[in-house]
Amino acid sequence: MNNIKSNRRQLLKGAGAAMVGITLMPYKSMAAEEKKLNVYNWDTYIGETTLADFNAATGIDAKMDLFGSNDELFAKLKAGNPGYDVIVPSSNYIERMVKANMLMPIDHAKVPNIANLDKQFQDADFDPGRKYSLAYMWGTFGIGYRKSKAKATPDSWHLLLDDPTYAGRISIQGTAEFGFGIALKTLGYNWNSTDATELGKAKDLLIASKKNIKIFAKDNGQDLLASGDVDVCAEYSGDIVQVMKADTTNDLGYVIPKEGSNRWQDTVAIAAGAPHPENAHAFLNFILDGQNNANIVKTIGYATPNAAGRALMDDEYKNNKNIFPSDEQLAMCDPGKYLGEDATKYRDELWTAIQAA
Amino acid sequence: MDYWKDFRKVFFTLMTLGSFWMLLFFVVPMGFLFVLSFSSKAIVNGETSILDYNYFSTIANYVDAAGSSYLVLLGRAVLWSAIATIVCLLLAYPLAFAVCFSAPKWRPILLLLLILPFWINLLIRTYALIQVLRTNGFLNQALGFFHLPQTDILFGTSAVIMGLVYVYLPFMVLPLYSTIEKLDKSYLEASLDLGASQPRTFWSITLPLTMPGVITGIILVFIPCLGSFLTSDLLGGPNNWMIGNAIQNQFGEANNWPFGAALSFILMYATFFVLFVRAMLTRRSKGVDA
């Protein structure tokens, strides 16, 4: 019996010590930040040697986890930041995340390389003054296609929705955001419309299109195109450019439909409650450096908003119209916006109705 | 005999850890979801909040869940799960019999082969099936080799049902195997000796005696099928959402946890209904149970 009692006392002592340790931790990390950094990023979305280069330059050991969609990122942080410092949300999620207190303001004085960004990326409607997010990569949304299976360049959303030419060989991104975006542009409306009549017409169009569409894909339309499961797909420009690069037969193409589309921007931000905010600022500054940015672009092939980085790239990249479309084309592309919780909910009800139709 | 009264300390020692685990990781989260299913998103400064809820404020989620879209998706889930369960049963029954009547030295190996798929992650198995069924997949390559017409079943209902059968078949075989193995073979011999035909013996003797295994197998396959979303998500096309996909969407992209919770509970009630039907069937078969 005695034995058990003394054990219990020891246990309590141990628990007490652990508690003190937990409460002291924040003070300790404030004094001198440990040489660590946790990055949460998309797959295939950073330079081959970026993390190693960062370590060589600063001595900070950067670890990276991967997410597959903005929703996954949002859901992860919704339950409280599990320890991430730098995250890579898309522009239409910034406003939502700021409202949900998920982001930490960026101290611009600690990131002098912001000056390398093109002027148009120095400010943004979704983040005035870029208090919370810095531009990382950008691109458009359009149609990827297999040239040998296309009679002409499939430059219209109609070919994916209400035209039988490619029936059974079409994939469309299977989220409410992109499904409605495409249908709204096909009908001549804005990508971000919240008008019930316009959304109703878009819903009818999408239901009618189901007989032509083979699959509402996840973020893998480019893979289905490359493997021959579909011949046309609605996808991000960067993803199609990546499979075009890998395709030795040069049989794949990308086009922004004439009805217009969507342009997007991915950003780097610091998560609220980041355990290493100083290191996070150092990392943002590091990837905005011209040479480091060019190294990332060489691996992933996306459009960079970084003028210094772009200047170091070859002409083939700089003149690639799939990566950098003309100003006229871009004018037809609406930036995706955060529509508010109620509008998102309404769109989602309609999206479920489309799935059940 | 109330053993627990004679060995109170042992009983409570045995109970404590597991009960605590269930309470902490099953009852508490489910309770939270139950509360959430009667909640709505709070309005903060005139805007619908992203994170805050008004708890126990509404039954609107259940009213919405009775909407036609969700009933269609639930109906689909019930129908396809039923088809998959029947296919599983038709495949598993002869298979379980074959394993039982195989040479004793082969039996452990055959059983091991049956359990083997359990060791491989569901996601990997589903992706493997995609490799077989896709347009330029192994199935079409094989058909092409024999100059047979190509199939296009991936991203359709048949692929989803095929996927469900593929994933849940072992859950049907194992309970069937355990009842068939316990089956007293002398009953079968007696039936045949007394002049009953093979089919007659099967319908009058074998099937009733193995019914507990059949029912357990049906439950073990049908219930997980009902809530599955991964199979229809990966193998399905534009007409293949099931209720599980709608629930996943509410907790994910739609960020509407209260509604997702309400849908989950409706699915759970559907499951309870299945178990209730099972209990009635068991009572009718005079308490025989696996």
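Values in this document were obtained by computation on a predicted structure and should not be read as measured data.

Caption draft 1: Structural view of the overall build of chain B. Tallying secondary structure elements over chain B gives 13 helices and two strands in all. Taken over the C-alpha trace, chain B has a radius of gyration of 24 Å; the compact-globule value for 290 residues is 19 Å, which it surpasses by more than 25%. Principal axes of the C-alpha set define a box for chain B whose edges measure 80 × 75 × 30 Å. In chain B, buried positions account for 40% of the 290 residues. Across chain B, contacts joining residues at least 24 apart in sequence account for 65% of those joining residues at least 6 apart. Summing over all exposed atoms, chain B offers an accessible surface of approximately 16300 Å²; the carbon and sulfur share of this is 73%.

Caption draft 2: Representation of the pairing of strand β10 (residues 262-271) of chain A. Residue and element names in this part refer to chain A. Of all 10 residues in β10, nine are buried, a share of seventy percent or more. Of the strand pairs in this sheet, strand β3 (residues 86-87) and β10 are connected by two bridges, and their pairing is antiparallel. Bridge pairing links I87 to A269 in β10. When strand β4 (residues 103-104) meets β10, the two strands line up antiparallel, connected through two bridges. Across the sheet, residue M104 finds its bridge partner in β10, namely I270. Direction of pairing for strand β5 (residues 133-146) relative to β10: antiparallel, over a ladder of eight bridges. Bridge assignment links L134 to a residue of β10, and that residue is V268.

Caption draft 3: Inspection of the packing of helix α8 (residues 157-182) of chain B against helix α10 (residues 198-227) of chain B at higher detail. Residue and element names in this part refer to chain B. Viewed as axis vectors pointing N to C, α8 and α10 meet at an angle of 160 degrees, and their least axial separation amounts to 8 Å. The angle between the axes of α8 and α10 places the two elements in the roughly antiparallel class. Remark: the crossing between α8 and α10 carries right-handed chirality. Taken together, the residues of α10 that come into contact with α8 (itself represented by L164, Y168, F171, M172, P175, L176, T179 and I180) are T210, P212, G213, V214, T216, G217, I218, L220, V221, P224 and C225. Each residue belonging to the contact of α8 with α10 can be placed in one class, and the counts come to 14 nonpolar, five polar and no charged.

Caption draft 4: Representation of the environment of V35(B) within the structure. Residue and element names in this part refer to chain B. Its location among the elements puts V35 in helix α2 (residues 8-37). Put simply, V35 and L226 are 191 residues apart on the chain and 23 Å apart in space, counted from C-alpha to C-alpha. Other than its neighbours up to four places away in sequence, V35 contacts Y55 and F56.

Caption draft 5: Seen up close, the interface of chain A and chain B. Every contact between the two is made by 31 residues of chain A and, on the other side, 34 residues of chain B. Each partner contributes to the roughly 2900 Å² buried at the junction of chain A and chain B, and carbon and sulfur atoms together form 50% of this total. On the chain A side of the contact with chain B, K78(A), K214(A) and E341(A) bury the most area, a combined 21% of that side's loss. There are five salt bridges connecting chain A and chain B. The tally of links from chain A across to chain B stands at 20 residue pairs in polar contact (both at pLDDT 80 or more). Elements with a minimum of two residues in the side of chain A that touches chain B: α3 (70-78), α4 (91-99), α6 (176-186), β7 (213-217) and α15 (341-356) of chain A. Of all the elements, α15(A) adds the most residues to the side of chain A that touches chain B, at 10 residues.

Caption draft 6: Local environment of a nonpolar patch on the surface. Residue and element names in this part refer to chain B. On the surface, a nonpolar cluster with roughly 1100 Å² of combined accessible area is contributed by W106, I109, L112, L113, L116, F118, W119, I120, L123, I124 and Y127. Within the residue set of the nonpolar patch, elements represented by two or more residues are α5 (107-115) and α6 (122-133). Relative to the assigned elements, W119 resides in the loop between α5 and α6. Taking the relative accessible area as the measure of exposure, W119 reaches 60% and is therefore exposed.

Caption draft 7: Representation of the side chain of N256(B) in the model. With respect to the helices and strands, N256(B) occurs in the loop between α12 (243-251) and α13 (257-284). Residues within four places of N256(B) in sequence aside, it is in contact with K345(A), K41(B) and Q250(B).

Caption draft 8: Inspection of the packing of aromatic side chains at higher detail. Residue and element names in this part refer to chain A. As enumerated under the stated definition, the model contains 38 aromatic pairs over all chains in all. Ring geometry for Y45 and Y302: centres 5.0 Å apart, planes at 75 degrees, overall edge-to-face. Placement of Y45 in the loop between β1 (36-42) and α2 (50-58) and of Y302 in the loop between α11 (290-300) and α12 (307-311) is noted, with a sequence separation of 257 residues between them. On the accessibility criterion, Y302 (8% relative accessible area) is buried. Every member of this aromatic cluster is reached through a ring pair, and the members are Y45, Y136, F141, W157, F178, W191, Y236, W264 and Y302. Looking at R96, its charged tip hangs above the ring of F74, at a distance of 4.7 Å from the centre.

About the criteria used
Residue positions are given per chain, counted from 1 along the sequence in the order it is written. All chains are assigned letters beginning at A, and all ligands numbers beginning at 1, according to the order in which they are written. pLDDT decides what is reported in this predicted model: residues at 70 or higher carry local features, side-chain atom pairs at 80 or more are listed and counted, and totals for whole chains, interfaces and linings draw on all residues regardless. Each side-chain value is derived from all of the structure's non-hydrogen atoms; neither hydrogens nor water enter the calculation. By the criteria applied, helices consist of DSSP H or I runs no shorter than four residues and strands consist of E runs no shorter than two, each listed in order from the N terminus. The globule rule is 2.2 Å times the number of residues to the power 0.38, and the radius of gyration it is compared with is taken over C-alpha atoms. Each residue gets one of three labels from its accessible area relative to the maximum for its type: buried under 20%, exposed over 50%, partly exposed in between, using a 1.4 Å probe on protein chains only. Residue contacts are counted whenever heavy atoms from the two residues lie within 4.5 Å of one another. For the area figures, the Shrake-Rupley method with a 1.4 Å probe applies, and any residue is considered shielded solely by the protein chains shown. Strand pairing requires that DSSP identify at least two bridges connecting the strands. Inter-axis angles, ranging from 0 to 180 degrees, are taken between N-to-C directions of lines fitted to C-alpha atoms, where helices are fitted over the stretch in contact. Each angle gets one of four labels, with under 35 degrees taken as roughly parallel, over 145 as roughly antiparallel, 65 to 115 as roughly perpendicular, and the rest as oblique. A crossing counts as left-handed when the near helix is turned anticlockwise from the far one by less than a right angle, and as right-handed when that turn is clockwise. Each residue is assigned to one class: nonpolar for Ala, Val, Leu, Ile, Met, Phe, Trp, Tyr, Cys and Pro, charged for Asp, Glu, Lys and Arg, and polar for all the others, Gly among them. Buried area is calculated as the accessible area (1.4 Å probe) missing from two parts once they are joined, with the contributions of both summed. Note on definitions: salt bridges are taken to be side-chain nitrogens of Lys or Arg within 4 Å of carboxyl oxygens of Asp or Glu. N or O atoms closer than or at 3.5 Å make up a polar contact, with two conditions inside protein: a donor-capable atom paired with an acceptor-capable one, and, for residues adjacent in sequence, both atoms drawn from side chains. A residue counts toward a patch only above 30% relative accessible area and without a salt bridge, and it is joined to like-charged neighbours within 9 Å or, for Val, Leu, Ile, Met, Phe, Trp and Tyr, to nonpolar neighbours within 5 Å. Between rings of Phe, Tyr and Trp, where Trp is taken as its six-membered ring, a pair exists when centres lie within 6.5 Å; planes separated by under 30 degrees are stacked, by over 60 edge-to-face, and by other angles tilted. Any Lys NZ or Arg CZ found within 6 Å of a ring centre and within 35 degrees of that ring's normal is scored as a charge over the ring.

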